[in-house]
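So you can see what is in the structure, the chains are spelled out below.
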Amino acid sequence: MPYVPLTLFEQYLLHEDQPGYPSRIVQELQFNGSVNREYFEKSVHEITAMHPLLTATVEKRSFRSPHWRIDDSSTFPIHWHKYGPHSFRPELKRFDITKEVSGELHVIESNDRWTLLLNISHVICDGVASSALLQDILLAYDNRFGKVHPIPSPIPELLPHRSKFGLSISKKIALLPAQVTGLIIAATLAQRRISPLNPAPLEYPEQPDPEGRQNVVSKYLDQSRFDQFQKLTKTSGKSLNDHCLAFLHSAIGRWRKRNGVGSPEDWIRISVPKNLRSKSDLHLPACNVISITPIDRQSKGLSNRERLLRRAHEDMTFIKKGMLSLTFLALLWIHRLRPNGIRKMSHRNICRTTAVLSNIGRVFPLSPLLDEDQKLHIENATLEKTITVAPIRPQTQTTLFLSIYGGELCMDLNYDPMALNREKAEELLDDFLAEFKSALARETTQPRKN
């Protein structure tokens, strides 16, 4: 299997990688305790060798779609640093995936703490796969101390099937009416002029920010409040995703009104990545098995929380029922019919989405390394905190990544410093967090129905 064709979504991500806006995922795991360098490096090499795309490069072949060139002789790089984990940030490389291994690990050590950083091209894999990769590395590491944790065995031969999403011919035929509807909706959405979060800075230089710099702010909904909120979602019949979508739209509305930007007629679009893995994909090596669904609201309606939540639930139910997340892939296929079509779509100087909302759910779900405190424990170390930075693009000025770890809801906002400074990014994330607290407060003050 020396060559594997890129999927439509991988081709799209390949063109999304632009100067100053690297299409990459950065995951940070903060541990207390110590790390054994020899054992850790052996564990990394053991696990990464099971995933062919981690050390593959993209080859553009004449008159054909680009292919992955599999190279079993390459290794995944690890960089070691002896600094205080909170006072030192390593330079994160921007990769040329056509020439080099496009991922790396950094380990930052101090006396009683260490931090693990994964920097990886999004063309290689999505957040679900990168999190699973880190979990497997930690399982293999803990096993070297005499533990016996089972480690999933990926099947590289499944890679050519990663874009089939477990759909049979009959299932595809059954979905055709919904997909036609989805394309009609997409054609309507394409006519809308989407507003950036902050419409003022519309001129982007070629190199807006140093490649290695991360612009991220993080907040947490503590375990007590998150437990209460999960009970609220069960009684309301609306999922956590429904609430988060409505809350982000509301937070954007409040932020824009407070800062005096935009117009009530503006269209605010939140794009939601959707994991498309099925049971048949359980043994896939690390790769991308996702698509994107856009959800639009007009700015003048962002103050109506009840309507936002109802519409979020209706839209997400409709999308799930018809698998309308596949519609974006159908649009990519249509764009690919013209020369350089996906690249032209990606590089158009317009705002395609105001913000991205990605919810990975529980980090390391069902891992044997998790204890009763819902934290991951390995030999001589405990994982205290996780931070994930998902990519932004020109005029999509924020990406909000949500995860659940240690019983808390973790919120990591990657922002474009050409559009807003750290203080304004903090404000937006504070507005989003305040939506949870307001919902809990309304629940406790509402009279109970008999």
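Worth saying up front: this structure is predicted, and the values here are computed from it rather than measured.

Each value, and the rule that gives it
Residues numbered from 1 in each chain as written. Predicted model: local features only at pLDDT ≥ 70, side-chain atom pairs only at ≥ 80, totals over all residues. Heavy atoms only, no water. Helix = DSSP H or I, 4+ residues; strand = E, 2+ residues; numbered from the N terminus. Rg over C-alpha atoms; globule rule 2.2 N^0.38 Å. Buried < 20%, exposed > 50% of the residue type's maximum accessible area, 1.4 Å probe, protein only. Axes fitted to C-alpha atoms, helices over the stretch in contact; angles between N-to-C directions. Parallel < 35°, antiparallel > 145°, perpendicular 65-115°, else oblique. Contact = heavy atoms within 4.5 Å. Nonpolar A, V, L, I, M, F, W, Y, C, P; charged D, E, K, R; others polar. Salt bridge = Lys/Arg side-chain N within 4 Å of Asp/Glu carboxyl O. Pairing = 2+ DSSP bridges. Core = buried A, V, L, I, M, F, W, Y, C linked by side-chain atoms within 4.5 Å. pLDDT = per-residue confidence, 0-100. Polar contact = N/O pair within 3.5 Å; in protein donor to acceptor, adjacent residues only side chain to side chain. Expected span 1.5 Å × (residues − 1). Left-handed = near helix turned anticlockwise from the far one by under 90°.

Engineer: What's the story with the overall build of the protein in this structure? I'm lost.
Structural biologist: Secondary structure assignment for the protein yields 10 helices and 15 strands. The C-alpha atoms of the protein give 22 Å as radius of gyration, which agrees with the globular expectation for 450 residues (22 Å, within 12%). Along the first, second and third principal axes, the C-alpha atoms of the protein reach 55 × 55 × 50 Å. Counting only residues that meet the buried cut, the protein has 53% of its 450 residues in that class.

Engineer: Can you walk me through the packing of helix H1 (residues 8-16) against helix H8 (residues 326-336) in this structure?
Structural biologist: Axis angle and axis distance: for two packed helices, these are the angle between their axes and the distance between the axes, and together they describe the pair. Interaxial distance between H1 and H8 falls to 9 Å at its minimum, and their mutual angle equals 70 degrees. One way to sum up the angle between H1 and H8 is to call them roughly perpendicular. On H8, the residues that touch Leu-8, Phe-9, Gln-11 and Tyr-12 of H1 are Phe-328, Leu-329, Leu-332, Trp-333 and Arg-336. A per-class count over the contact of H1 with H8 returns seven nonpolar, one polar and one charged.

Engineer: What is the right way to look at the pattern of salt bridges in this model?
Structural biologist: Where charged atoms from two side chains of opposite charge come close, those side chains can pair. Within this structure, the stated rule accounts for 33 salt bridges. Between Arg-254 and Asp-431 there is a salt bridge; the shortest N-O distance is 3.7 Å. A residue pair is termed long-range when its members are at least 10 positions apart, and Arg-254 in helix H6 (residues 240-259) and Asp-431 in helix H10 (residues 422-445) qualify at 177 residues. Overall, Asp-431 belongs to the buried group, its relative accessible area being 5%. One network of salt bridges, in which partners are shared, links Arg-254, Arg-258, Arg-305, Lys-424, Glu-427, Asp-431 and Glu-435.

Engineer: Can you walk me through the sheet that holds strand E13 (residues 381-389) in this structure?
Structural biologist: Through backbone hydrogen bonds, the strands of a sheet pair up, either in parallel or in antiparallel fashion. The six strands are arranged E5-E6-E7-E2-E13-E12 in an open sheet whose pairing can be described as mixed. Since the sheet does not close on itself, it has two edges, and those belong to strand E5 (78-82) and strand E12 (377-378), each with one partner. Pairing geometry for strand E2 (residues 24-33) and E13, over eight bridges, is antiparallel. By the bridge assignment for E13, Leu-29 is matched with Thr-386. Sheet strands touched by helix H2 (residues 37-48): E5, strand E6 (103-109) and strand E7 (113-121). Its angle to E5, the strand with the most contacts, is close to 155 degrees. The strands that helix H3 (residues 127-143) touches are E2, E6, E7 and E12; relative to E2, the one it contacts most, it runs at about 30 degrees.

Engineer: Just checking my understanding: could you explain the nonpolar core for this structure?
Structural biologist: Burial of nonpolar side chains together is a common tendency in soluble globular proteins. Within the largest apolar cluster, 68 residues are counted, with the highest numbers of intra-cluster contacts made by Phe-31, Phe-40 and Trp-68. Sort the elements by how many residues they give to this core and H3 lands first, with eight residues. Leu-232, Leu-402, Leu-428 and Leu-433 belong to the second largest nonpolar core, which has 46 residues in total.

Engineer: Would you explain unusual backbone geometry in this entry?
Structural biologist: Among all residues except glycine, the phi angle is most often negative; among peptide bonds, the trans geometry is most common. Non-glycine residue Phe-364 carries a positive phi angle of around 55 degrees. Its place among the elements puts Phe-364 in the loop between strand E11 (355-362) and E12. Looking at Phe-364, the relative accessible area reads 3%, which means it is buried. Despite not being glycine, Leu-366 has its phi angle at roughly 60 degrees, a positive value. Mapping Leu-366 onto the fold places it in the loop between E11 and E12.

Engineer: Would you explain the confidence of the model for the protein in this entry?
Structural biologist: Close reading of the predicted structure is inappropriate where its pLDDT is low. Per-residue confidence for the protein gives a mean pLDDT of 91; residues scoring 70 or more make up 94%. The spread of mean pLDDT over the elements of the protein runs between helix H4 (residues 169-190), the lowest at 82, and H2, the highest at 98.

Engineer: I tried to follow the side chain of Arg-162 on my own but got confused; where do I start?
Structural biologist: By the secondary structure assignment, Arg-162 is in the loop between H3 and H4. Under the relative-accessibility criterion, Arg-162 is labelled buried at 2%. In terms of polar contacts, Arg-162 uses its side chain to reach the side chain of Glu-10, at 2.8 Å. Engagement of the side chain of Arg-162 in a polar contact is seen with the backbone oxygen of Leu-159, the distance being 2.6 Å.

Engineer: I would appreciate a short explanation of the environment of Leu-232 in the present structure.
Structural biologist: Tracing the chain through its elements places Leu-232 in helix H5 (residues 223-236). The class for Leu-232 is buried, based on a relative accessible area of 10%. Along the chain, Leu-232 and Gly-146 lie 86 residues apart, while their C-alpha atoms are 43 Å from each other. The contact partners of Leu-232, leaving out residues within four places of it in the chain, are His-243, Ala-439, Leu-440 and Glu-443.

Engineer: How should H3 be read in this particular structure?
Structural biologist: Every α-helical turn comprises 3.6 residues, leaving residues that sit three or four positions apart pointing alike. Here H3 spans 24 Å end to end across 17 residues, near enough to the 24 Å set by a 1.5 Å rise per residue. Judged by how many residues are buried, H3 sits mostly within the fold: 15 of 17 residues are covered. For H3, the N-terminal cap is Asp-126; the gap from its side-chain oxygen to the backbone nitrogen of Val-128 is 3.3 Å.

Engineer: Teacher, can you tell me more about the packing of H4 against H8 here?
Structural biologist: Running from amino to carboxyl end, H4 crosses H8 at an angle of 70 degrees, the nearest separation of the two axes being 9 Å. The orientation of H4 relative to H8 falls into the category roughly perpendicular. Of the two elements, H4 crosses H8, and the hand of that crossing is right-handed. Along the contact surface, H4 presents Leu-175, Gln-179, Gly-182, Leu-183 and Ala-186, while H8 presents Leu-326, Thr-327, Ala-330, Leu-331 and Ile-334. Considered class by class, the residues forming the contact of H4 with H8 number seven nonpolar, three polar and no charged.

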